[in-house]
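The primary structure of each chain is shown beneath.
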Amino acid sequence: MSLPTDPAGALPCATDTAAAEQIAGQVRFVPLWRLRTRYRRLRPGVARAGAEPGPEPPLLVAAREDGDYEVLDGFKRLGRWRERGHLLGPVLLAPPGPSAEHKRRLLLAGAPPRTTTALDEARVVCSDMNVRVALGGRDGAWRFQVSARIERWIESTPWLSDGGTRLVRLSGPRQAEMVMPVLAGAVRAADDGASDVVPCCVDWRGQAPTAETLLSGVLEVLLPAPGARRAFLDAAARALAVRPNVLVVDALDSPVADTSALVAGLCEVGASARKLDPHAVLTAMVLSSGSPSCAGDLALDIGRPVESALEPHAGSEAARWAGYVHHRLAWEAAGNVDRALAWDAELSSRGLRLAGESALEDALDALSMVEWQKYGVARDELRAFVKFAGHEDAGVAGRGGLEERRLVWRPMAVARVVPWAARAMLAEEQTPARRAQLRACLVCAPLRRDLLARCLDLEALVRARHARYVGEPPDAAKESFEAFRRRDADSDARYYPPRTLAAPDGPWAFAELGSFHSAGCARNPTPKRTGHEAGAWHAACAPGLDGAAQGTRRARNETRRAVAARQSAGPPGAALAGEPRSDRARVASAVPGVRGQVRWSAIRAPRDDFRE
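Note that the coordinates shown come from a computational prediction; the quantities given were computed from them, not determined experimentally. Here the residue numbering is sequential within each chain, running from 1 through the sequence in written order. For this predicted model, a pLDDT threshold of at least 70 governs which residues receive local features, and a threshold of 80 or more governs which side-chain atom pairs are given and counted, while totals over whole chains, interfaces and linings are taken from all residues. Hydrogens and water are ignored here; the side-chain numbers use all heavy atoms of the structure.

Trainee: I'm lost on helix α5 (residues 147-155) in this one. Help?
Mentor: Since the α-helix packs 3.6 residues into each turn, any two residues three or four apart lie on the same face. Exposed residues in this analysis have more than 50% of their type's maximum accessible area, buried residues have under 20%, and partly exposed residues fall in between, with area computed by a 1.4 Å probe over protein chains only. Each helix corresponds to a stretch of at least 4 residues labelled H or I by DSSP, and each strand to a stretch of at least 2 residues labelled E; elements are numbered beginning at the N terminus. For α5, every residue scored as buried is listed here: S147, I150, E151, W153 and I154. Around the axis of α5, the buried residues are gathered within 165° of arc, so they sit on the same side. Looking at the buried residues of α5, the elements they touch are β7 (138-144), β8 (164-169), α6 (173-191), β11 (282-288) and β12 (298-299). Just downstream of α5, T157 is the residue with a positive phi angle, here 45°. By definition, the arc is the one covered by directions from the helix axis to the C-beta atoms. A contact between two residues is defined here by any heavy atoms of the two lying within 4.5 Å.

Structural data, given as structure tokens:
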């Protein structure tokens, strides 16, 4: 930047306040010796490394009473200009003011422009109603069964319209401690300063509350005297009309009948107060561990981890083990936060070690039996449900009651026995069909889904790596492709629209993975890398699938045999000695969790001997 060296263009003395206010906001040149840097210690900053800066903007200054100017922004630029020997510098004059105003402008000048506020950030943080739960040494976010419903209800801002009371079912006091601040934060975020709503968290645990006693303490109004309920309603209406109130009442240890009476009483007081004063709005969420009383209430006692168990696959084996235990406890406890936390404390007291899957299974068996003993008649009802499950029989009619008592749940589409109860029932004498049904309830569906997804990624990667090296496809693949082109009724064409770019375009798309892999190894000009790539595919798949260690070593050995066979046979494509398995069994053996229980060996880290 070229600066003038003639001080003739300097500004008039800054002591002339009228002149300073007149030129505020304009760019002028001033002598650099008239610039003071009293605020430099407040903005040490970090010098920008790299190339020489380009055109530089003017300094932001404010007029002083002694006739000089105080620099508010641009201390490093001023230092560079003085080092270069400049006498004048461009400045942008800010309106004069006290030191506090100068510091405020200094902060604004050093901060990037923002279009979001703290309330906007709170809206983003609280919008998903996720709760942080620490299990197995891993802190993860959980989402609950009807989180979307309560999110929509809070985002509708009922405290700005007619209000209302909702009964929220939780698993226990530990979940309540996690959920209450999240609910209060979600209310503030949804309001966004429109009404200055005050979410009030009330601890009413272990009491027999009534709406009058609760509101008298929160709104600071006197309890109604006998025969003077109208005076109490008038006082409550005046208090509620001042500003909207949202109550989050923790009534978990109260009996179900008392909790239902509290909800009914709050609804009645809110409706009566609104009749007396149209501006009086009462909104409340009552937390209970009992069954919801009506369809409009909410059940947040069944949750699941949001993050994948395989997400920290690049971390240490301890991190993977913590994620595995976290998901296993969440599944075995049937999404019950309090039960999962209690079991986690029990595992910690037993000293569960890294990769101690046998100890984990023994602990889950013992904890399930202890939980199973807490239920009486419900155990016979659950046995009847298992007996008649899958049949249209009167025994299935009681499934609704079992779901209310959380002995039957729906983690996916089909109602099934909760895992801890299925584990306890397996200790009893069961028929083979019932044992198969109960064992299926123990399969951790999130882990199975993640492993299957990684396995499909592995297959796609294998096909992409060897696609240009395969030769003549198998006859079975050709027949399947011809049936697809003819759009036979029993072919895969029923899964594709008539005209789509995603349709298979060759017979190799219908070949088994083993045939595809062996054909690619036979013609790959650099077959030695295939074993290394198989190890990389293995590491990218789970990392680590049950049985994948043997599969990877087998693929490496088969590759070496392929090299020897090609060198001895001569032309590429010669028959391989010891052709690998060419069925889906290769994939199925790598993912035993698809049909059986998902074990720690399916998630543990790949070892060094997997690599070439």
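After that view, the rundown keeps rolling.
Trainee: Any chance you could explain the sheet that holds β7 here in plain terms?
Mentor: By way of backbone hydrogen bonds, the strands of a sheet pair with one another, either parallel or antiparallel. Strand order in the open sheet formed by 3 strands is β6-β7-β13, and the pairing between neighbours is antiparallel. At either margin of the open sheet sits one strand with a lone partner, and together these are β6 (131-135) and β13 (303-305). Across the sheet, the mean angle from the axis of one strand to that of its neighbour is 45°, orientation sign disregarded. Two strands pair if DSSP finds at least two bridges between them. Direction of pairing for β7 relative to β13: antiparallel, over a ladder of 3 bridges. Residue pairing for β13: W142 is matched across the bridge by P305. Most of the contacts of helix α10 (residues 317-332) go to β7, to which it runs at about 35°, and overall it touches β6, β7 and β13. As a rule, the C-alpha atoms of each element are fitted with a line to give its axis, helices using only the stretch in contact, and angles between N-to-C directions run from 0 to 180 degrees.

Trainee: What should I look at first to understand the packing of aromatic side chains in this one?
Mentor: Each aromatic ring pair is specified by the distance between its two centres and by the angle formed by the two planes. Here a pair means two rings of Phe, Tyr or Trp (six-membered ring of Trp) with centres within 6.5 Å. Their orientation is stacked below 30 degrees between planes, edge-to-face above 60, and tilted elsewhere. Tallied over the full model, the rule gives 6 aromatic pairs. Judged by centre distance (5.6 Å) and plane angle (35°), the rings of Y375 and W420 are tilted. Residue Y375 is located in the loop between α12 (357-372) and α13 (377-388), and its partner W420 is located in helix α15 (residues 419-426); the two are separated by 45 residues in the primary sequence. Ring centres of F484 and Y496 lie 5.5 Å apart, and the angle between their planes is 85°; this geometry places the pair in the edge-to-face category. Pair noted here: F484 is in helix α18 (residues 475-486) and Y496 is in the loop between α18 and α19 (513-523), with a separation of 12 residues, a long-range link. In this structure an aromatic cluster arises from ring pairing among F481, F484, Y496 and F510.

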